[in-house]
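Structural description and commentary
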Amino acid sequence: QSQLVESGGGLVQPGGSLRLSCAASGFFLEHAAIAWFRQAPGKEREGVSCIRLRDGITHFADGIHGRFIISKDDAKKTVYLEMNNLKPEDTGVYYCAQGMHYHCAGYVRPDDYQYWGRGTQVTVSS
């Protein structure tokens, strides 16, 4: 189990960029995956992207269209989400979560992930 702490959120104008970080204070296990989720007010929590720590394989939700990049730094035990060309509909609380590596395949489902950070707010607005 890892303690996960998100950072990097803030207010950005449409078309801008943010880089979110998810720092793991516990083990950075090769059999684990870390995923990013987001939740807007009044909406369901949805998966954004995930990365398998064992090999760096990534998946993205439909509709991202190459705007986001997920990466990891094993030495820092940190996973990043680089978000480019941000749109108002990207607004929400962004969470990182840890699950098993086999849950980073196809759909990223919140119920598949056991350990969660407390989230970081991303607001895209003029």
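Residues numbered from 1 in each chain as written. Predicted model: local features only at pLDDT ≥ 70, side-chain atom pairs only at ≥ 80, totals over all residues. Heavy atoms only, no water.

This part is about the sheet that holds strand β8 (residues 78-83). Here four strands make up an open sheet; going across it, the order is β1-β3-β8-β7 and the pairing antiparallel. Whereas interior strands pair on both sides, the edge strands pair on one side only; in this sheet they are β1 (4-7) and β7 (68-73). Across the sheet, the mean angle separating the axes of adjacent strands is 15° when strand polarity is ignored. Inspection of the sheet shows strand β3 (residues 18-24) paired to β8 by six bridges, in the antiparallel sense. (Pairing = 2+ DSSP bridges. Helix = DSSP H or I, 4+ residues; strand = E, 2+ residues; numbered from the N terminus. Axes fitted to C-alpha atoms, helices over the stretch in contact; angles between N-to-C directions.)

In this section: the state of the cysteines. The final tally for this structure, using the stated rule, is two disulfides. Paired through a disulfide, Cys-22 and Cys-96 show a sulfur-sulfur distance of 2.1 Å. One disulfide, between Cys-22 and Cys-96, carries an S-S torsion of 70° and so falls in the right-handed class. Highlighted residues: Cys-22 in strand β3 and Cys-96 in strand β9 (residues 92-100), separated in sequence by 74 residues. For Cys-50, the disulfide goes to Cys-104, at an S-S distance of 2.0 Å. Between Cys-50 and Cys-104, the disulfide has an S-S torsion of 90° and is therefore right-handed. Note that Cys-50 is positioned in strand β5 (residues 46-52) and Cys-104 in the loop between β9 and β10 (113-116), a separation of 54 residues in sequence. With a relative accessible area of 0%, Cys-50 lands in the buried category. The buried category is assigned to Cys-104, whose relative accessible area is 1%. When the bonded cysteines of the protein are counted from the start of the sequence, the pairing works out to 1-3, 2-4. (Disulfide = S-S within 2.5 Å. Buried < 20%, exposed > 50% of the residue type's maximum accessible area, 1.4 Å probe, protein only.)

Mapping Gln-98 onto the fold places it in strand β9. Since its relative accessible area comes to 4%, Gln-98 is described here as buried. Sequence-wise, Gln-98 and Cys-50 are 48 residues apart; in three dimensions their C-alpha atoms are separated by 9.3 Å.

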